[in-house]
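Spelled out from the first residue to the last, the chains are:
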Amino acid sequence: MNMIQALNSAHRVMMERDPTCVVLGEDVGYFGGVFRVTEGLQKEFGKQRSFDAPISENGIMAVAIGMAAYGLKPIAEIQFADYIYPGFDQIVSEAAKIRYRSAGGWGLSMVVRSPYGGGIFGGQTHSQSPEALFAHVAGIKTVIPSNPYDAKGLLIAAIEDPDPVVFFEPKRIYNGPFDGYYERPVTPWAKHPAAEVPDGHYTVPLGKAAVARAGEAVTILAYGTMVHVAIATAEAEGIDAEVIDLRTIVPVDIETIEESVKKTGRCVVLHEATRTAGFGAELSALVQERCFYHLEAPVQRVTGYDTPYPHSMEWVYFPGPVRLGLALRKALED
């Protein structure tokens, strides 16, 4: 399966197992979603369980929160992460706070799915990476898969979780892994081992990172598309880098991070979002706090720039192999 098919399979598995699961969002029903992640769900499960919403993200969030409060398990799709902001208040002021406000008596089991990130020439309003905004808010889990196997297992785990989960899907790798070498032909998921996705139910636990590539010289912390950029750059540069795929940024698997950095003594943080107050800053602080006496060099950050995502200069903005290679060499030389 590619990532689209894996996510679609997760929806089907959970909608078959649990009649309280419903899917809503712009064009998710009859059309099957702009990226076809919900394709066929309305035909199979009916209009009451897979239905189109008006172009109103705050309305989508309000309806999903109400459904969850009444015991349903809504999976709400925001068509692009850039448009999640109108629903931001609903997510952080209502969904994230219900368990605390009710002294643990009331939870909201709901998932907010959204494609995010660049690499598709979407420009400033179809390329943003807002994950750090949600990571900052207590009461929300934030999940970002990097391959089809994890995408299905993580989405099932998110749907089964008793609390709200924001699930960002790197749209650049929906149809195949992307190593950042944009001038090369696209590689389909069919040639990747992580495309072997079981048909039935399984979960990938939230809050558990994966060692995507073992190494001894330097640790690269990444998630989503950047996992593939990290692996490709390490191999191209001939650097014995260990690549940690965070998979879940909240809760973050600090134990796996700490173990790796203490082993390598060097760390590079890689993400596509803007630099200032990006999640890489939190990762850098955590590494500094927990691994200070093991570090042989300052933690390096490779990120997007503090500008809107530029359409005409996509690959300048995109944290690709050139910028990551420079940071790796700097970390090793210091």
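Structural data are supplied above this passage.
Computed from a predicted structure; not experimentally measured. (Residues numbered from 1 in each chain as written. Predicted model: local features only at pLDDT ≥ 70, side-chain atom pairs only at ≥ 80, totals over all residues. Heavy atoms only, no water.)

Turning to the environment of isoleucine 4, a few remarks are in order. Turning to its location among the elements, isoleucine 4 is positioned in helix H1 (residues 3-17). On a C-alpha basis, the gap between isoleucine 4 and valine 37 in space is 5.2 Å, while along the polypeptide they are 33 residues apart. Excluding residues within four positions of it along the chain, isoleucine 4 makes contact with Phe35, Arg36, Val37, Tyr174 and Asn175. (Helix = DSSP H or I, 4+ residues; strand = E, 2+ residues; numbered from the N terminus. Contact = heavy atoms within 4.5 Å.)

Another aspect to go through is the pattern of salt bridges. Applying the stated criterion across every chain yields a total of 15 salt bridges. Where glutamate 242 meets lysine 263, a salt bridge forms, and the shortest distance between an N and an O atom there is 2.5 Å. You can see glutamate 242 sitting in strand E9 (residues 241-245) and its partner lysine 263 sitting in helix H9 (residues 254-264), a full 21 residues away along the chain. With relative accessibility at 5%, the residue glutamate 242 sits in the buried group. We classify lysine 263 as partly exposed; its relative accessible area is 39%. (Salt bridge = Lys/Arg side-chain N within 4 Å of Asp/Glu carboxyl O. Buried < 20%, exposed > 50% of the residue type's maximum accessible area, 1.4 Å probe, protein only.)

Before going further, it helps to examine the sheet that holds strand E12 (residues 300-304). Spatial ordering of the open sheet is given by E7-E9-E8-E11-E12, a layout of five strands whose pairing is mixed. Only two strands of the sheet have a single neighbouring strand rather than two, namely strand E7 (210-213) and E12. Adjacent strand axes in the sheet meet at a mean angle of 25 degrees, parallel and antiparallel pairs treated alike. Relative to strand E11 (residues 267-274), strand E8 (residues 218-222) runs parallel, the two sharing three bridges. Looking at E11, one finds that isoleucine 220 is bridged to valine 268. (Pairing = 2+ DSSP bridges. Axes fitted to C-alpha atoms, helices over the stretch in contact; angles between N-to-C directions.)

The mixed open sheet is built from seven strands, whose spatial order is E2-E1-E3-E4-E6-E5-E10. If you trace the sheet from one side to the other, it starts and ends with strand E2 (50-52) and strand E10 (248-250), each paired once. Each adjacent strand pair in this sheet contributes to an overall mean axis angle of 20 degrees, direction not counted. Pairing of strand E4 (residues 111-116) with strand E6 (residues 165-170) involves six bridges; the strand directions are parallel. Within E6, the position partnered with valine 111 by the bridge is valine 165. The strands touched by helix H7 (residues 148-160) within the sheet are strand E1 (21-25), strand E3 (73-77), E4, strand E5 (141-143), E6 and E10, with E6 carrying the most contacts at an inclination of about 165 degrees.

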